[in-house]
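Coordinate inspection notes
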Amino acid sequence: MKDIRLEIDKALSSLSSDAVSTLEPAVRRAQQTLADGTCEGNDFLGWLHLPSTISEELLTDIKTTAATLRQNCDTIVVAGIGGSYLGAKAIIEALSNSFEWLKAGGERPAVLFAGNNISEDYLAELSDLLRTRRFGIINISKSGTTTETALAFRLLRAQCVAQRGADEARKVIVAITDARKGAARTTADKEGYKSFVIPDNVGGRFSVLTPVGLLPIACAGFDIDALIEGARRMEQQADAPGGIIEQYAAVRNALYRSGKKIEILANYHPKLHYLGEWWKQLFGESEGKDGKGIFTAAVDLTTDLHSMGQWIQDAERTIFETVISVETPRYSLLVPHDDENLDGLNFLEGQHVDHVNKMAELGTQLAHADGGVPCLRLVLPCLDEYSLGQFIYFMERACGISGLVLGVNPFNQPGVEAYKKNMFALLGKPGYEAESAAIRQRLGE
């Protein structure tokens, strides 16, 4: 199988000749501290060798559980937020037929997501849809008390029990949670739900290759063995000095130091939208702290060339671009002949649509480079489980290295708690009485 590859020439041309080489010692030190487990945040390095250490027993258990859910459900709702849903959704969207949800009697159950917002309308519409569905639930939460997910699970669980009865509901509700503690663990043990463990040393945004991501992906009918194999292949390459993971980490840090504060992840394939969303969380939550960090944004091209294209081309030159390019499409579709040729497209007659897309991609990269936007390009041979497994591990490892080179702990997220404290105080949650009084006084002022 082909491996993913990285092209950096259009980024290096905007940097001084020694900008990247100057960072190579820092990159190697970051690699060594990851390998030794001596870096800051080293209690969250469980993802580092996950592809090579995941057991066949666990994979078999995940596939067996997925088969049970698929047999008993036409719809599976994944309740989770952040890393507890973005990775699974990204892989499922990338591998799925874009219009499969419109097809009646499809082979795969619909995999839907909840617990990632607090929208009453969304939850009400989901509940209405599920009234006619044989649905099951995968509840993903270490604590079981994360507001968005806990609220959705409370509603979904009540509806599942009401529609299917307690005994049948028990067969189609799965918990992915802490091994020993927390509300979700207590509920799973009390009710007898099938459960999987979120490893203590794996943070949510690095959890795609744990049951957090693997069970929903398997439920959607995709090959988690190939996904793991791709990640394992990338793990084997990760320690090589000067390899593509180190190159990416070094170049993006060099660009940051040169004043490029925003990284735009661009794709030319609509199936990759949520891969961009996963990437934004991975790097944004890992690097955005201590007054530092590259701002992560994502665009879907060529669609967004007709909206954000003007800004990327001509706005403040504080950005660089990383393009995900899919080398070989899944299908073949040729541009037909038209006798009238009113649209002027007969010059493309007989060409693959993907050729047009690739020329749009190349033309855009050249235009952006001419406009002062350094461009990197990450090429996936095709959209399959193996390539996506490589991509996931590539980005996870690069993120760890890049954050350490930046000088932050890439494995914590202290800023995430700020909104929660204010929300709990405003809602009058028990234990937040002092905060409630303080915030009321503040709002009164």
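Look up a bit, the structure's there.
Keep in mind that what you see is a predicted model, and the values were worked out from it rather than measured. (Residues numbered from 1 in each chain as written. Predicted model: local features only at pLDDT ≥ 70, side-chain atom pairs only at ≥ 80, totals over all residues. Heavy atoms only, no water.)

Moving on, we come to the packing of aromatic side chains. Tallying each qualifying case throughout the model produces ten aromatic pairs. Consider the rings of Trp 47 and Phe 206, whose centres lie 4.9 Å apart with planes at 25 degrees: the pair is stacked. Within this pair, whereas Trp 47 is found in the loop between helix 2 (24-36) and helix 3 (50-53), its partner Phe 206 is found in the loop between strand 6 (194-197) and helix 10 (211-219), the two being separated by 159 residues in sequence. We classify Trp 47 as buried; its relative accessible area is 0%. A residue is classified by how much of its surface remains accessible, and Phe 206, at 2% relative accessible area, is buried. By the ring-pair criterion, three or more aromatic residues cluster together here, those being Trp 47, Phe 206, Tyr 393 and Phe 411. Positioned over the ring face of Tyr 256 is Lys 261, at 4.3 Å from the centre of the ring. The residue whose ring lies beneath Lys 429 is Phe 424, and the NZ or CZ to ring-centre distance is 4.0 Å. (Phe/Tyr/Trp six-rings, centres within 6.5 Å; stacked < 30°, edge-to-face > 60°. Helix = DSSP H or I, 4+ residues; strand = E, 2+ residues; numbered from the N terminus. Buried < 20%, exposed > 50% of the residue type's maximum accessible area, 1.4 Å probe, protein only. Lys NZ or Arg CZ within 6 Å of the ring centre and 35° of its normal.)

With respect to the helices and strands, the residue Thr 64 is situated in helix 4 (residues 56-72). Sequence separation of Thr 64 and Cys 219 is 155 residues, and the distance between their C-alpha atoms is 9.8 Å.

One open sheet accounts for five strands, arranged 3-2-4-5-6; its pairing is parallel. Strand pairing shows two members of the sheet lacking a second neighbour, strand 3 (110-114) and strand 6, which therefore form its edges. Within the sheet, the average angular offset between the axes of one strand and its neighbour, ignoring direction, is 20 degrees. Relative to strand 3, strand 2 (residues 75-79) runs parallel, the two being bridged by five bridges. (Pairing = 2+ DSSP bridges. Axes fitted to C-alpha atoms, helices over the stretch in contact; angles between N-to-C directions.)

Geometry only, nothing functional implied.
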